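Below, each chain spelled out in residue letters.
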Amino acid sequence: LVLMAKGMPHDRRPPDRRRLAIPSVVFDYFSSELFEKLEEAVKAFLLQTAFLPRMTIAMAKALSGRWDAGRILAMLQRSNRFTEKASDDPTSYQYHALFRQFLTTKALAVMGEKEVLKIKHHAAMLLAEAGWVEDAACLFIDIDDLAGLERLIRDSAMTLIGQGRHMMLENW
């Protein structure tokens, strides 16, 4: 299972925009062997932050409301809970694609569509504020927030064009 999970790509698109064929046995493993053994506070943190394809500690704090977000992320990473440190400047983390897909599916089942939509919108805003334009755009598209996407494009178009990334704008 670990080898299978390690082989999955780190796709930043929202889980429902990917076509990962994930056997139910993997979801069952994540649920029984990992998720259900965690403290309730950590479970809630995971479900809330799963909609960020990558996150700084500040983003995780803002989305989850947890002052100890850095400690939780570091603990998950140290204990090999499918959480990886993505960068050191600033410190950022990401969940493995398979684990993230499990978490987002679980979040929808636990929280419901209305609450998940609010979390995704907040996540998209945090990503946009951090300048992670591609990740923010994916979430705005996922939640059909065309006004948010339009603002994002307007605010970042010149920078993206200057970087030679104009095709991305055309795709959005």
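Structure: see above.
Residues numbered from 1 in each chain as written. Predicted model: local features only at pLDDT ≥ 70, side-chain atom pairs only at ≥ 80, totals over all residues. Heavy atoms only, no water.

Running from amino to carboxyl end, helix H2 (residues 24–34) crosses helix H6 (residues 97–111) at an angle of 80°, the nearest separation of the two axes being 10 Å. Taken together, H2 and H6 sit at an angle that is classed as roughly perpendicular. Contacts from Val26, Phe27, Phe30, Ser31 and Leu34 of H2 reach H6 at Leu98, Phe99, Gln101, Phe102, Thr105 and Lys106. (Axes fitted to C-alpha atoms, helices over the stretch in contact; angles between N-to-C directions. Helix = DSSP H or I, 4+ residues; strand = E, 2+ residues; numbered from the N terminus. Parallel < 35°, antiparallel > 145°, perpendicular 65-115°, else oblique. Contact = heavy atoms within 4.5 Å.)

The next thing to look at is H6. With 15 residues, H6 should cover 21 Å at 1.5 Å per step; its first-to-last C-alpha distance of 20 Å lies within 8% of that length. Taken residue by residue, H6 has Ala97, Leu98, Phe99, Arg100, Gln101, Phe102, Leu103, Thr104 and Ala107 as its buried positions. Looking one or two residues past H6, glycine 112 carries a phi angle of roughly 90°, positive in sign. (Expected span 1.5 Å × (residues − 1). Buried < 20%, exposed > 50% of the residue type's maximum accessible area, 1.4 Å probe, protein only.)

An order of S1-S3-S2 is seen for the three strands of this open sheet, with the pairing classed as antiparallel. The strands lining the two open edges of the sheet, one partner per strand, are strand S1 (55–56) and strand S2 (83–88). Sheet analysis places S1 next to strand S3 (residues 91–95), joined by two bridges and oriented antiparallel. Its bridge partner lying in S3, methionine 55 is registered against tyrosine 93. (Pairing = 2+ DSSP bridges.)

In short, shape yes, function no, at least from these values alone.
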